[in-house]
Amino acid sequence: MKHFGVFSLFFLISRAIFCQIFAVSGKISDDKNQALSFSSVLIKGTNQGTNANADGYYFLKLKPGTYELIFQYVGYKKKIEKIVVEGDVTKNVELIPESYELKEVVIKDGEDPAYAVIRQAIKKRKFYLNEVEAFSCKAYIKGLQRLTNFPEKMIKFLNALSTSGEKIDSTLLGVVYLSESETKYHFRKPNDEKEIMYSSRVSGNNKAFSFNQVSDMKFSVYENLIALNGLSDRPFISPINDNAFLSYRYKLLGTTFEDGKMLNKIEVIPKRKTDPCFQGIIYIQENTWRVHSADVYLTKESKINFIDTLFIKQLNAPVNDSIWMPTGLSMLFNFKLFGFVGDGYFNAVFSDYDMNPIFQKKFFKNEVAKIEEGSNKKDSAYWEQSRPVPLTYEERADYRKKDSIGKIKSSIRYKDSLDKVGNKFTVSDLIMGYSYNKTAKKFSLKTSGLLTSGIQYNTVEGVNASLRVDLNKRYENNRYHNLSAAMRYGFSNYLWGGTINWKYLHNPEKFESINIKAGTSALQFNGNEPINATMNTSYTLFNNDNFMKLYKKTFASFNYRKELINGLIANFYTEYAERSSLRNTAFDLWVDNKEKVFTSNNPLNSLTDDSSFKINNSFIVELGLSIRFKQKYISRPNEKIIESNKFPIINIQYTKAIPGLNTKADYDLAKISMDDDIKLGLVGTFSYRLKGGYFLSSRYVEFMDYKHFDGNQTILANNNYLNSFKLLPYYTYSTKYWYTEAHAEHHFNGFIFNKIPLLKKSRIQEVIGGHVLFNDKLNQYYEVNFGIEKIFQIVRFDYVLGYGPNNNFNQGFLIGLGLDF
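What you are looking at is a predicted structure, and each value in this text was computed from that prediction instead of being measured.

Comments concerning a nonpolar patch on the surface
There is a patch of nonpolar side chains on the surface, built from Phe 425, Val 427, Leu 430, Ile 431, Met 432, Leu 450 and Leu 451 and spanning about 740 Å² of accessible area. Classification of Leu 451 as exposed rests on a relative accessible area of 63%.

Here is the structure:
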């Protein structure tokens, strides 16, 4: 018993010591004592490790024992340090730049030796791209953006427009966004991926979720084309793309040895600065021809959006005897936009690789990412224990400051104090609209102002003015009630109109909503309202063209929408309405075009004011289905975000007009449409929409029930380019029998202009389109448009050629604006 007691005591003491966790930390710097930001620290013999922070400090938690730590930084000589962990350890490390020898480099036939290395790397590209069948790993991502300067005049202007009590001042400078996340990432060939975010922190907002995602930081030179979503409309050409020699020049800067294997340091240089190509250095291992690491960047000349320069550093390391995987990736950027100047970074650490994961049968079904409930509730103590990369002084100060401010700002007293200031009525509210908020209760009220109320002119109502009021009540789980009311008055026909609309979003994850609307109003015969009211006002007053045709509708409607299963959304709509005709009552002009006279409000006969229909009632029921096969999505608490998909969207709708309820309308209409965007790499994006419909019966169909087509007779293009024709009259070819239409556009994203000397430095892009329409009235109608877009980012200019009935040609120029009037 005595010996057993001693043994038990020894075992308990040993176990306690072994279970202890100690800190290993220090700073990684170069030979000039400059911090090596985001350098890598790996534990030899494992696939675990970390990155240093922006100031070069690293942090590891280890059990007692002896370890070999591998310190690495792209372009520097790897260093292995042996440490014995019996307590907390401080280990500062100095890395020296790698010395690359050039004495054995021989130029043959005028070709740099780098080309031979790149050829070998290109041959091995597909092998390394497809080498891994599946894997899982942990990912820690930290993102930071800071503002270093802003234009004071713009700030004053924004403050003048602000309806809240908060004003923008110099405190805006510094860190504007800081976030951390921990994710478990899973992959399986060929394209299955899923990431689960189990912890998230956003500085100053404990209710927000981080936007850091592994899928947004995937960077592999083994891909022919590398997509940087959100930063460019086009992908970027890999330095070892199958056709890389068409886009890059290469220069061997030298060779060195690491772990007994030779590394080639190769500079990659775009042949044309405006091509979607990287600049910088890639390191390729001799004989295996694998990419060891990359240190590349993009500039504004590469036509990246929002930022001036993007620096990408990636380090790969072996995770077993044959496979290398990324262990660290950092993306640093700076920007200057409209006088706002700033910079930032995203730093990712990948660890705990499992190269032989076992996935459940439907693990990869359609959910590509999930943010777990409560992932944003982890406290600072959790993060101190969990984060693999220590915070910098700036980051720690930002958390401390903004979390304290966040507590104050989340208090009811603070929110009420802001509301008290912001809710005061001012002269600007009369012009731009008034807002009343009860932030603590998530309630808001907004009204339109004199400038935003929509004062327009048409020949039916004359000058008409509208007033709108919106009330919104939101809840913690993303549900909301919205109640809106609009009032309209025509000063020429003395017609009052008004609508009231209530919408309740009941289940955001299923897009389930109820919408009830009632009122009386003057509406366009085409419910899509293709005639812009502001443009109609201008054409009417200045050119005698009163394109807008209106009728009066008094109605009540009910709409219910819900996603039944993933990718299948059902929609039910019913409406009871009284429809009556309206006539022209206003004939004012500011500029009189003597060659024109106003047309009547009868869209079927422009020469007579006699109504095309008598007052009538209708009762319709519509059933609709929206289908997207294998729809990919992201799950967030109380929210579902639809991702892009390789399958098109199919919409099916059936409308039944039911007579006998003091109603005359009696018809059956079936419609179907299909649309999709197809990315074609460097060549651009092809988009299309196919539509067709058939009146199964048409016993009583008034003109507003016809199928109308979104035409255009003005110089301003309809912003929905895939749903409209550019030169088609608004109502000439409306039908109550059948129709087929097709719209397609190809956005080259600069593929052609990038090769034209005078245009390649500009950001304008080329686009072509085609539009086709057939129905019982029109045996042929075609349009082809050639355009340039992204002029000042929002302007588009098109030349359109139309071919219609009787072999008639038509042509015109259109301007499109990325704005809604």
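Following the structure, the description resumes.
A look at the packing of aromatic side chains
Throughout the structure, instances matching the rule amount to 44 aromatic pairs. With 4.9 Å between their ring centres and 50° between their planes, Tyr 803 and Phe 809 make a pair best called tilted. Residue classification places Phe 809 among the exposed positions, given a relative accessible area of 61%. Put simply, the rings of Phe 525, Tyr 551, Phe 613, Phe 703, Tyr 706 and Tyr 731 touch in pairs and so form one group of aromatic residues. Positioned above the aromatic ring of Tyr 382 is the side chain of Lys 378, whose terminal nitrogen or guanidinium carbon lies 4.5 Å from the ring centre. Here the basic side chain of Arg 479 rests over the ring of Tyr 475, its NZ or CZ set 4.6 Å away from the ring centre.

Thoughts on helix H5 (residues 393-409)
Between the first and last C-alpha of H5 there are 24 Å, a value that for 17 residues agrees with the 24 Å anticipated at 1.5 Å per step. For H5, the full list of buried residues reads Glu 395, Asp 398, Tyr 399, Lys 402 and Gly 406. Along the axis of H5, the buried positions cluster into a sector of 100°, meaning they face one direction only. Turned more than 90 degrees away from the buried face of H5 sit Tyr 393, Lys 407 and Ile 408, all of them exposed. On its buried face, H5 sits against strand E9 (134-149), strand E10 (174-188), strand E11 (192-202) and strand E20 (340-354).

Things to note about helix H8 (residues 533-543)
Of all the residues in H8, the buried ones are Met 535, Asn 536, Thr 537, Tyr 539, Thr 540 and Leu 541. Looking at the buried positions of H8, the neighbouring elements they touch are strand E24 (456-458). A distance of 2.9 Å separates the backbone nitrogen of Thr 534 from a side-chain oxygen at the start of H8, and that oxygen is part of Asn 532. Asn 544 sits one or two residues past H8 and shows a positive phi near 60°.

Structural notes on the side chain of Asn 749
The topology assignment puts Asn 749 in the loop between strand E37 (738-747) and strand E38 (765-775). A relative accessible area of 8% means that Asn 749 is categorised as buried. A distance of 3.1 Å separates the side chain of Asn 749 from the backbone oxygen of Asp 233, its partner in a polar contact. Beyond its immediate chain neighbours, meaning those up to four positions away, Asn 749 contacts Asp 233, Arg 234, Gly 684, Thr 685, Gln 765 and Glu 766.

Considering the pattern of salt bridges
Tallied over the entire structure, the rule returns 40 salt bridges. Taking the shortest distance from any N to any O, the salt bridge between Lys 189 and Glu 133 comes out at 3.4 Å. One end of the pair, Lys 189, is in the loop between E10 and E11; the other, Glu 133, is in the loop between helix H2 (114-129) and E9, and 56 residues separate them in sequence. Taking relative accessible area as the criterion, Glu 133 reaches 52% and is therefore assigned exposed. For Arg 488, the salt bridge is made with Glu 461, and the minimal N-O distance between the two is 2.4 Å. Of the two residues, Arg 488 sits in strand E26 (residues 480-490) while Glu 461 sits in the loop between E24 and strand E25 (462-474), which places them 27 residues apart along the sequence. A relative accessible area of 22% places Arg 488 in the partly exposed class.

Points about the nonpolar core
The biggest cluster of nonpolar side chains holds 58 residues, and the ones touching the most others in it are Phe 135, Phe 219, Tyr 250, Ile 266, Phe 278, Ile 284 and Leu 310. The dominant element in this core, judged by the number of residues it contributes, is H2, at seven residues. When residues no more than four places from it in sequence are discounted, the contact partners of Ile 284 are Val 117, Ile 118, Ala 121, Met 262, Leu 263, Asn 264, Ile 266, Trp 289, Arg 290, Val 291 and His 292. Met 548, Phe 613, Ala 665 and Tyr 731 belong to the second largest nonpolar core, which has 27 residues in total.

Things to note about the pairing of strand E6 (residues 79-85)
Alignment of strand E5 (residues 65-72) against E6, held across seven bridges, turns out to be antiparallel. For Glu 68, the partnering residue across the bridge sits in E6 and is Lys 82. What sits between the antiparallel neighbours E5 and E6 is a turn of six residues, in which Gly 75 has the positive phi angle 90°.

Reading guide: rules and limits
Residues numbered from 1 in each chain as written. Predicted model: local features only at pLDDT ≥ 70, side-chain atom pairs only at ≥ 80, totals over all residues. Heavy atoms only, no water. Patch = residues over 30% accessible without salt bridge, like charges linked within 9 Å, V, L, I, M, F, W, Y side chains within 5 Å. Areas by Shrake-Rupley, 256 points an atom, 1.4 Å probe, with all protein chains shown as cover. Salt bridge = Lys/Arg side-chain N within 4 Å of Asp/Glu carboxyl O. Buried < 20%, exposed > 50% of the residue type's maximum accessible area, 1.4 Å probe, protein only. Phe/Tyr/Trp six-rings, centres within 6.5 Å; stacked < 30°, edge-to-face > 60°. Lys NZ or Arg CZ within 6 Å of the ring centre and 35° of its normal. Helix = DSSP H or I, 4+ residues; strand = E, 2+ residues; numbered from the N terminus. Expected span 1.5 Å × (residues − 1). Arc of directions from axis to C-beta. Contact = heavy atoms within 4.5 Å. Polar contact = N/O pair within 3.5 Å; in protein donor to acceptor, adjacent residues only side chain to side chain. Core = buried A, V, L, I, M, F, W, Y, C linked by side-chain atoms within 4.5 Å. Pairing = 2+ DSSP bridges.

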